[in-house]
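Residue-level structural notes
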Amino acid sequence: MEELKRTPLYPTYQKWGAKVIDFGGWALPVQFTGIKQEHHATRNAVGLFDVSHMGEFIVEGKASKLFLQQLLTNDLDKLEVNKAQYTIMCYPDGGTVDDLIIYQLAEEKYLLVVNAVNTDKDFNWLMEHKPNDVILTNQTDKFVQLAIQGPKAEKVLQKLTDTNLHAIKFFRFAQEVSFSGVKAKALVARTGYTGEDGFEIYIDATSGLAFWQSILTAGQADKIEPIGLGARDTLRFEANLALYGQELSDEITPIEAGLGFAVRTDKSIDFIGKDILEKQKKEGPKRKLVGIEMIEKGIPRHGYPVLIEDEQVGFVTSGTQSPTLNKNVGLVLIDAEYSKEGTIVTIKVRKKQLQAKVVSTPFYKRD
Amino acid sequence: MNLPKDLRYSEEHEWVKVEGDKVRIGITDHAQDELGDIVFVELPEEGDQLEEDDPFGSVESVKTVSELYAPISGKVVEVNEELDDSPEFVNESPYEKAWMVVVEPSNSADIEKLMTAEQYQEMIEEDE
């Protein structure tokens, strides 16, 4: 078996009681103290995530904007330096290559942050379409990415820097930010994958360990905890943030997944997948992603069939017992005619057929 | 790792406690620790017949579902209904509050085939 990749923070996991798993070829903590505990710590105080497995590409050169406009569904005209954008990369048939965040670093320079499991696929896809005068580099190994999330995230992080973090608005970022006790400067963005306020921070890998430890020390009084992938998943799920491989895949379009806001068919440049995505936007997709809440006892899980009168009309993309709501809820991709709120559907939970109803999402929205 | 000496253990991480002519069954401390936060327990009904090695219920953590496999054959005579409302007992008290079923064994000699605490400990150490 191939050796699992490790982030620079791997040596610290054990100290915090981590259970380490294989996640797309990476040895990463699925939990430290426990998924529920970590989930609540992030919702109520602050959590620190090592997300260095995420892929980072730099795209630069005069033609980089045009190139990215042709591959990404969102509109780069809405970007400016120090602004970030959630966007999607599609195949010609509208299926999803990946969802990602793009950061405009300079006039002709962008940072693309992609899902770890898709890093090689995305890089090859971009390479195949890239004109010669665009420079594309995979810099995944050069960065440590940390996410500090939760109502106390800003307070804790502010202790370590003179840069006014409050001035960084949602989906904006600052570059070359200095933190005390940390050698390298960091890019600090007010973005996240939890439904809470917070930041995602990119720093040179050599300074990652010092930075991780500084944040954990600075956050002690506010009960900061390191958070594993398990809680990262329940947090993003409650906030209705898509996970590639579940809500999105090469067989699911962003329109079906309810991500039309990031598909700008009205932008000035045509992009891969536009025809079908525009059609789905106009006519409405044949299937839609909706929330369900179990009426009968049982927990919906990824892949479980959704039935109407014994006929399969969809499947569960993600589901669990929501730690915040304490309810068994799921996201399902379902034929559009059954997507109306209040519709009663049947979820095939292994051998049992259990009733659920269509509900609105997100399951959790912060005040 | 808590492994009471007076219990017997199965390869599927259940414990069995002999109580007169009946046995009480649950999952081990090691199993609950591996699963993480338990949020749902599904058990058979009184009167159901368990067949050795066949699934008789499931425990679900936040992340996954795990089947429960019958360590021995027998008839279910009691079910721990409290786990319905308090699945967290499985994490907090796997050998006491989180017993799952009481069974009348079809053949009490089957119990002798189960592992002792020492044997079970060896097995999980080998797995690691």
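These figures come from a predicted structure and were not determined experimentally. (Residues numbered from 1 in each chain as written. Chains lettered and ligands numbered in written order. Predicted model: local features only at pLDDT ≥ 70, side-chain atom pairs only at ≥ 80, totals over all residues. Heavy atoms only, no water.)

Let's talk about the pairing of strand 16 (residues 311-321) of chain A
Residues and elements named next belong to chain A. With respect to burial, strand 16 is a largely interior element, 8 of its 11 residues being buried. When strand 15 (residues 305-308) meets strand 16, the two strands line up antiparallel, connected through 4 bridges. Following the sheet pairing, valine 306 is matched in strand 16 by glycine 314. Hairpin connection between strand 15 and strand 16: a loop of 2 residues separates the two successive antiparallel strands, and glutamate 309 in this loop has a positive phi of roughly 45 degrees. One ladder, built from 7 bridges, connects strand 16 with strand 17 (residues 328-335); its direction is antiparallel. (Buried < 20%, exposed > 50% of the residue type's maximum accessible area, 1.4 Å probe, protein only. Helix = DSSP H or I, 4+ residues; strand = E, 2+ residues; numbered from the N terminus. Pairing = 2+ DSSP bridges.)

Observations concerning the pattern of salt bridges
According to the stated counting rule, one finds 26 salt bridges over all chains in the structure shown. Measuring nitrogen to oxygen at the nearest pair gives 3.9 Å for the salt bridge that ties lysine 152 of chain A to aspartate 222 of chain A. Pair noted here: lysine 152 of chain A is in the loop between strand 9 (143-149) and helix 5 (153-158) and aspartate 222 of chain A is in the loop between helix 6 (208-218) and strand 13 (225-227), with a separation of 70 residues, a long-range link. Its relative accessible area of 5% is what places aspartate 222 of chain A among the buried residues. Notably, a salt bridge pairs lysine 297 of chain A with aspartate 84 of chain B, separated by 2.8 Å at the nearest N-O pair. Here lysine 297 of chain A is found in the loop between strand 14 (287-294) and strand 15, whereas its partner aspartate 84 of chain B is found in helix 2 (residues 82-85) on a different chain. Connected via shared salt-bridge partners are Arg301, Arg350 and Lys352 of chain A together with Glu42 and Glu60 of chain B. (Salt bridge = Lys/Arg side-chain N within 4 Å of Asp/Glu carboxyl O.)

Thoughts on the side chain of arginine 301 of chain A
Here arginine 301 of chain A lies in the loop between strand 14 and strand 15. Taking relative accessible area as the criterion, arginine 301 of chain A reaches 6% and is therefore assigned buried. Of the polar contacts made by the side chain of arginine 301 of chain A, one reaches the backbone oxygen of serine 61 of chain B; its length is 2.8 Å. From its side chain, arginine 301 of chain A meets the backbone oxygen of valine 62 of chain B in a polar contact 2.9 Å long. (Polar contact = N/O pair within 3.5 Å; in protein donor to acceptor, adjacent residues only side chain to side chain.)

Examining the interface of chain B and chain A
Every contact between the two is made by 15 residues of chain B and, on the other side, 19 residues of chain A. Summing both partners gives a buried area of about 1,400 Å² for chain B against chain A, and 49% of it is carried by carbon and sulfur. In terms of surface lost to chain A, no three residues of chain B exceed Val39, Val62 and Lys63 of chain B, which account for 38% of the buried area on that side. At the junction of chain B and chain A, the tally comes to 5 salt bridges. Two residues, arginine 301 of chain A and glutamate 60 of chain B, come together in a salt bridge whose shortest N-O distance is 2.8 Å. Residue assignment for the side of chain B that touches chain A shows that the elements contributing at least two residues are helix 1 (29-35), strand 4 (38-42) and strand 6 (55-61) of chain B. (Contact = heavy atoms within 4.5 Å. Buried area = accessible area lost by both parts, 1.4 Å probe.)

Topic: the pairing of strand 6 (residues 96-106) of chain A
Residues and elements named next belong to chain A. In terms of burial, strand 6 is largely enclosed, as 10 of its 11 residues are buried. Relative to strand 6, strand 5 (residues 84-90) runs antiparallel, the two being bridged by 7 bridges. Among the inter-strand pairings, tyrosine 86 is bridged to a residue of strand 6, identified as isoleucine 101. Relative to strand 7 (residues 109-114), strand 6 runs antiparallel, the two being bridged by 5 bridges. Note that in strand 7 the partner of isoleucine 102 across the bridge is leucine 112. Where strand 6 hands over to strand 7, the hairpin turn is made up of 2 residues, counted between the paired strands.

So, the domain arrangement of chain A
All names here are of chain A. Looking at chain A, the domain boundaries give domain 1 (10-53 + 141-238) and domain 2 (286-359). Each of domain 1 and domain 2 has a C-alpha centre, and these two points are 32 Å apart. Each partner contributes to the interface: domain 1 provides 8 residues, whereas domain 2 provides 11 residues. For the pair domain 1 and domain 2, the summed buried surface comes to about 680 Å²; carbon and sulfur atoms form 66% of the total. In terms of surface lost to domain 2, no three residues of domain 1 exceed Lys36, Phe237 and Glu238, which account for 63% of the buried area on that side. Here domain 1 and domain 2 share 0 salt bridges between them. Split into classes, the residues belonging to the side of domain 1 that touches domain 2 amount to 1 nonpolar, 3 polar and 4 charged. (Domains from an automatic or database assignment. Nonpolar A, V, L, I, M, F, W, Y, C, P; charged D, E, K, R; others polar.)

Here we look at the UniProt feature "domain: GCVT N-terminal" (unreviewed entry) in chain A
Per the UniProt record, "domain: GCVT N-terminal" (unreviewed entry) is annotated on residues 9-267 of chain A. Taken end to end, residues 9-267 of chain A comprises 23% helix and 29% strand; its first and last C-alpha atoms sit 41 Å apart. (UniProt positions renumbered as here; feature names shortened; annotations may be inferred.)

Quick look at the sheet that holds strand 14 of chain A
Spatial ordering of the closed barrel is given by 14-17-16-15-18-19 (chain A), a layout of 6 strands whose pairing is antiparallel. Adjacent strand axes in the sheet meet at a mean angle of 45 degrees, parallel and antiparallel pairs treated alike. (Axes fitted to C-alpha atoms, helices over the stretch in contact; angles between N-to-C directions.)

Focus: the UniProt feature "domain: Lipoyl-binding" (unreviewed entry) in chain B
UniProt marks residues 22-104 of chain B with the feature "domain: Lipoyl-binding" (unreviewed entry), using the numbering shown here. The span residues 22-104 of chain B is 18% helix and 42% strand, and its two end C-alpha atoms sit 5 Å from each other.

A word on the UniProt feature "modified residue: N6-lipoyllysine" (unreviewed entry) in chain B
With numbering aligned to this structure, UniProt lists the feature "modified residue: N6-lipoyllysine" (unreviewed entry) at Lys63 of chain B. The exposure class assigned to lysine 63 of chain B is partly exposed, which follows from its relative accessible area of 40%. If near-sequence neighbours (up to four positions away) are discounted, lysine 63 of chain B is found in contact with Val30, Ile35, Gly230, Asp233 and Arg301 of chain A.

Digging into a negative patch on the surface
Residue and element names in this part refer to chain B. Together, Asp33, Glu34, Glu122, Glu125, Glu126, Asp127 and Glu128 give the surface a local cluster of negative charge. Elements with a minimum of two residues in the negative patch: helix 1 and helix 4 (117-127). Of all the elements, helix 4 adds the most residues to the negative patch, at 4 residues. (Patch = residues over 30% accessible without salt bridge, like charges linked within 9 Å, V, L, I, M, F, W, Y side chains within 5 Å. Areas by Shrake-Rupley, 256 points an atom, 1.4 Å probe, with all protein chains shown as cover. Lys, Arg positive; Asp, Glu negative; His and termini not counted. Charge placed at Lys NZ, Arg CZ, Asp CG, Glu CD.)

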